[in-house]
Amino acid sequence: MDSEYKPVERSNEDYTNTEDHNPLLSNQDVQFLVSDYELQQATASTFGCVINLANTILGTGMLAMPSAMASVGIIPGVFFIFLSALASGTGLYFLSRCAARTEGRHASFFAVSKLTWPKVSVLFDLAIAIKCFGVAVSYLIIIGDLMPQVMASLTNHADLAYFLTDRRFWITLFMLALVLPLSFLRKLDSLKYTSLVALFAVVYLCVIVIYHYFSPNYPPPSPDDIEYFNLSSSIFGHLPVFVFSFTCHQNIFSVYNELRDNSRESITRVISLSIGISACVYEGIAILGYLSFGRNVLSNIIMEYPSSYFVAGGRLAMVILVVFSYPLQAHPCRASLDKVFLFGHNKRRPSAFKYFTMTTAILILSYITAITVTKLDVVLSFVGSTGSTTISFILPGLFYYKIHENDPWNPGKILAVALSIYGILIMAFCLTFNIMRITSH
């Protein structure tokens, strides 16, 4: 019967309207129809969700990971990557358990906030929207920075048209050709194939890092440039990189809503695979990249390698990665803005006009910001120490604790409180350090 059933286009509110209420349908029938419709929309597989979450994680953090490891040394760097992965995975698990307490498949930060801290729920979604918007802008800036170098490598500067070295040209071209149509997709699961393509870019970058490390044509730095321990106050300036690199929590609710089997075991499997794969990639790139160039490695590892067709292909692959990662930031940004504008009073999906308006506004504002701002290092450091810590650690811990407030203290409840305190401490120390660093300059 399920295979023949065609979902109705009307919501529960439409059926309960007094003017066109069908007396043959009881409230239980209406609830069955709505629930059945939601189940038919949940078509995502475990593989697709793992790909999307891994693609959300493996973004610009890969490029900065060797530099972050250089700031603390190899052994602390390995530890911080592992600790960030473990803390991030714990936050994802707490959010998934909170999502199970919401009604149907309408889980979101706002829905969980209404169950726990309703008076400030709008502020939570606003913070998420701003954080996702800032990351999306950074993706466009990377396109503008890498594409002129890709063209210069492929043509050897011979008869290269001036506009091909203009970052604004490439941002505009990719925005119109790929970013714009992908950003209008309604379901996160629709991006699983583009995410799969983007993960090939991750593999390409790994190949570049491994090849140049083992190649005899590229001698390693002197032993004095390699440090196993380098703990100092500067760690607070780079710690947000480790935290920021594992932030994908804005998409866990879309995974919960769209995953065909969103049981505890299935969600945990998705989280474990996504975090585990990403942690292994980060560890490999950070260690080999740092050992290849030493403590003076640039904040963008792909810029360290000499120009060649091989490296140009890697830079192009990173452009493809961020292009396909942009919609993974636009999707939760749009969902959070929808809750902010309506204060959560409407559970239905936004109308076609509202959906188009919000998406267009995100695209236009991010485009204008990207073509006018060339460096977002300081901005991203603040995003990592505020938005990422809030989404990854503070909110998951607070939500889980509040839902289980009246339950006896158990390891899960204690861990939730510890995770929130951990996030607050990171935010306080890192934000203070970044402010002092700016004022000192």
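Residues numbered from 1 in each chain as written. Predicted model: local features only at pLDDT ≥ 70, side-chain atom pairs only at ≥ 80, totals over all residues. Heavy atoms only, no water.

In this structure, Met-62, Ile-143 and Tyr-326 are the most contacted members of the largest nonpolar core, which totals 112 residues. Ranked by residue count, the leading element in this core is helix H7 (residues 121–155), at 15 residues. Ignoring any residue separated from it by four or fewer positions in sequence, one finds Ile-143 in contact with Pro-148, Trp-170, Ile-171, Phe-174, Val-319, Val-322 and Val-323. (Core = buried A, V, L, I, M, F, W, Y, C linked by side-chain atoms within 4.5 Å. Buried < 20%, exposed > 50% of the residue type's maximum accessible area, 1.4 Å probe, protein only. Helix = DSSP H or I, 4+ residues; strand = E, 2+ residues; numbered from the N terminus. Contact = heavy atoms within 4.5 Å.)

Let us look at helix H12 (residues 264–293). Here H12 contains 30 residues, and its C-alpha end-to-end distance of 43 Å stays within 8% of the 44 Å for a straight helix at 1.5 Å per residue. Just downstream of H12 lies Gly-294, where phi reads positive at about 80 degrees. (Expected span 1.5 Å × (residues − 1).)

With that settled, consider the packing of aromatic side chains. According to the stated counting rule, one finds 18 aromatic pairs in the structure shown. Ring centres of Tyr-211 and Phe-310 lie 5.6 Å apart, and the angle between their planes is 85 degrees; this geometry places the pair in the edge-to-face category. Remark: Phe-310 occurs in helix H13 (residues 309–342) and Tyr-211 occurs in helix H9 (residues 192–214); sequence separation between them is 99 residues. The class of Tyr-211 is partly exposed, set by a relative accessible area of 41%. For Phe-310, a relative accessible area of 29% corresponds to the partly exposed category. In this structure an aromatic cluster arises from ring pairing among Phe-109, Phe-124, Phe-253 and Phe-399. One cation-aromatic arrangement involves Lys-402 over Trp-117; the distance from NZ or CZ to the ring centre is 4.8 Å. Over the face of the ring belonging to Trp-409 we find Lys-413, whose NZ or CZ atom lies 4.5 Å from the ring centre. (Phe/Tyr/Trp six-rings, centres within 6.5 Å; stacked < 30°, edge-to-face > 60°. Lys NZ or Arg CZ within 6 Å of the ring centre and 35° of its normal.)

Right, let's talk about the packing of helix H3 (residues 46–57) against H13 for a bit. Running from amino to carboxyl end, H3 crosses H13 at an angle of 105 degrees, the nearest separation of the two axes being 9 Å. As far as their axial angle goes, H13 and H3 are roughly perpendicular. Along the contact surface, H3 presents Asn-52, Asn-55 and Thr-56, while H13 presents Leu-321, Phe-324, Ser-325, Leu-328 and Gln-329. Counted by class, the contact of H3 with H13 contains three nonpolar, five polar and no charged residues. (Axes fitted to C-alpha atoms, helices over the stretch in contact; angles between N-to-C directions. Parallel < 35°, antiparallel > 145°, perpendicular 65-115°, else oblique. Nonpolar A, V, L, I, M, F, W, Y, C, P; charged D, E, K, R; others polar.)

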